[in-house]
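Descriptive analysis of the structure
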Amino acid sequence: MKHFITIVLFFFSIKASACYCEKPQFILEFYEAEYVFEGIITSEKETNDDLNYVVTFDIKKHYKKSNNLPKSLQFTLELKKMHDKPASCINRPIRLGEKWLVYAYREKSNELKFNFCCSNTKAIYTKESISEEEQRVLKNGNEFSLEKYIYEFQDNFSKTNLKEEIEIAIKSASIKNYKKTKTTLIIKISKEGKLEMITNDENYTIVVDENFNLIKKILTTRKKELSNFDKEAITILRKINKWDIKYHKKSKIPVSYIKSVIFQYDKKNHTWSYEL
């Protein structure tokens with residue numbers, strides 16, 4: 001007997017046939033999804049109001065492991081209207097008999113859904129529809145551990161704000177006739193909110209995981225000698241005792257992260273400034 005789960009899918013956009021957001025990294029969407037599967041569309045039925053239709057997937061392959069994996073999933077598609085016309089990232093994208101790769105996840109309302117916008121969900125037309133990078137994630141995603149990696153700008157995580165701390169620390173910066181007057185510092189903050197590494201942007205390298213395209217390690221180097229201005233800027237940041245902790249929004253798991261801070265010195269006015 002086939003198992004059916006009803007899922008509500010919403011389309012959000014500003015203009016028809018346009019998306020205004022970036023797709024998440026493959027591994028982060030895989031991690032957050034409840035089901036990741038390839039399936040064939042076996043039925044499509046419009047509702048009487050012409051605003052919704054129900055689509056059923058016969059699942060051929062589950063990529064994400066879990067207990068009691070369903071053999072079929074049923075989605076109710078709700079088309080939002082803008083100026084009395086359907087507005088979605090893709091206008092009526094469902095076709096009977098098509099094969100799809102779907103990332104389905106659970107909302108706060110406990111309903112399962114997937115998105116066409118801002119998602120890696122897609123119809124599979126050819127072998128090239130799924131990139132080599134995504135294939136590596138589908139193959140290895142069940143081994144992924146969020147805490148093992150270092151994050152930067154990904155939207156899946158909470159924002160960090162260091163303005164108040166830097167503004168306090170910069171007040172004690174030394175006033176000198178610096179030869180170099182601008183530097184970009186790279187800092188790594190641990191999941192406990194501790195400063196683990198600091199250097200300028202000329203003296204570090206990153207090691208990236210080839211399966212998940214995430215940073216595994218940051219290594220400091222000495223490719224170029226630090227200037228007196230670099231050293232004073234580093235001293236400013238080392239005065240900060242408390243750093244914001246970055247959390248994964250969905251799981252609330254704290255993670256390590258890197259951030260850049262640009263320092264400048266105005267020789268005429270003898271003032272320090274910074275930019276995050």
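What comes next concerns the included structure. (Residues numbered from 1 in each chain as written. Predicted model: local features only at pLDDT ≥ 70, side-chain atom pairs only at ≥ 80, totals over all residues. Heavy atoms only, no water.)

**Thoughts on the overall build of the protein chain**
- Looking only at helices and strands, the protein chain has 4 helices and 17 strands in total.
- A sequence separation of at least 24 residues applies to 67% of the contacts in the protein chain between residues at least 6 apart.
- Of the roughly 16100 Å² of accessible surface on the protein chain, a fraction of 48% belongs to carbon and sulfur atoms. (Helix = DSSP H or I, 4+ residues; strand = E, 2+ residues; numbered from the N terminus. Contact = heavy atoms within 4.5 Å. Areas by Shrake-Rupley, 256 points an atom, 1.4 Å probe, with all protein chains shown as cover.)

**Examining the packing of aromatic side chains**
- Here the structure, examined in full by the defined rule, presents 15 aromatic pairs.
- For the ring pair tyrosine 149 and phenylalanine 212, a centre distance of 6.1 Å and an interplane angle of 80° mean the geometry is edge-to-face. Of this pair, tyrosine 149 sits in the loop between α2 (132-140) and β10 (150-151) while phenylalanine 212 sits in the loop between β13 (204-208) and β14 (215-220), placing them 63 residues apart in sequence. Neither residue differs from the other here; tyrosine 149 and phenylalanine 212 are each classed as buried.
- Residues tyrosine 178 and tyrosine 265 carry aromatic rings whose centres are separated by 5.1 Å and whose planes lie at 85° to one another, so their mutual orientation is edge-to-face. With tyrosine 178 in the loop between α3 (163-169) and β11 (182-189) and tyrosine 265 in strand β16 (residues 254-266), this pair connects stretches of sequence that are 87 residues apart.
- Ring pairs connect the aromatic residues Tyr178, Phe229, Phe263, Tyr265 and Trp272, which therefore count as one cluster.
- The ring centre of tyrosine 257 lies 5.2 Å from the NZ or CZ of lysine 246, which sits over that ring. (Phe/Tyr/Trp six-rings, centres within 6.5 Å; stacked < 30°, edge-to-face > 60°. Buried < 20%, exposed > 50% of the residue type's maximum accessible area, 1.4 Å probe, protein only. Lys NZ or Arg CZ within 6 Å of the ring centre and 35° of its normal.)

**Some thoughts on α2**
- Residues of α2 that are buried: Glu134, Val137 and Leu138. Within α2, the buried residues cover an arc of 100° as seen down the axis, which keeps them to one side. Within α2, the exposed residues directed more than 90 degrees away from the buried face are Glu132 and Lys139. (Arc of directions from axis to C-beta.)

**A look at helix α4 (residues 228-238)**
- Burial in α4 covers these residues: Phe229, Asp230, Glu232, Ala233, Ile234, Ile236 and Leu237.
- Those residues of α4 that are buried lie in contact with α3, β11, β12 (195-200), β16 and β17 (271-275).

**Observations regarding the pairing of strand β2 (residues 35-46)**
- Sheet analysis places β2 next to strand β7 (residues 99-106), joined by 6 bridges and oriented antiparallel. Each residue of the ladder has a partner; that of valine 36, found in β7, is tyrosine 103.
- Where β2 and strand β3 (residues 52-62) come together, 9 bridges link them in antiparallel fashion. Bridging from a neighbouring strand, lysine 45 pairs with valine 54 of β3. (Pairing = 2+ DSSP bridges.)

**Some thoughts on the environment of leucine 69**
- With respect to the helices and strands, the residue leucine 69 is situated in the loop between β3 and β4 (72-78).
- Given a relative accessible area of 30%, leucine 69 falls into the partly exposed group.
- Setting aside its immediate chain neighbours within four residues, leucine 69 contacts Tyr35, His62 and Lys64.

**Overview of unusual backbone geometry**
- The phi torsion at lysine 252 lies on the positive side, around 65°, for a residue other than glycine.
- For lysine 252, the position within the fold is in the loop between β15 (246-247) and β16.
- The phi torsion at histidine 270 lies on the positive side, around 55°, for a residue other than glycine.
- With respect to the secondary-structure elements, histidine 270 resides in the loop between β16 and β17.
- For histidine 270, a relative accessible area of 46% gives the class partly exposed.

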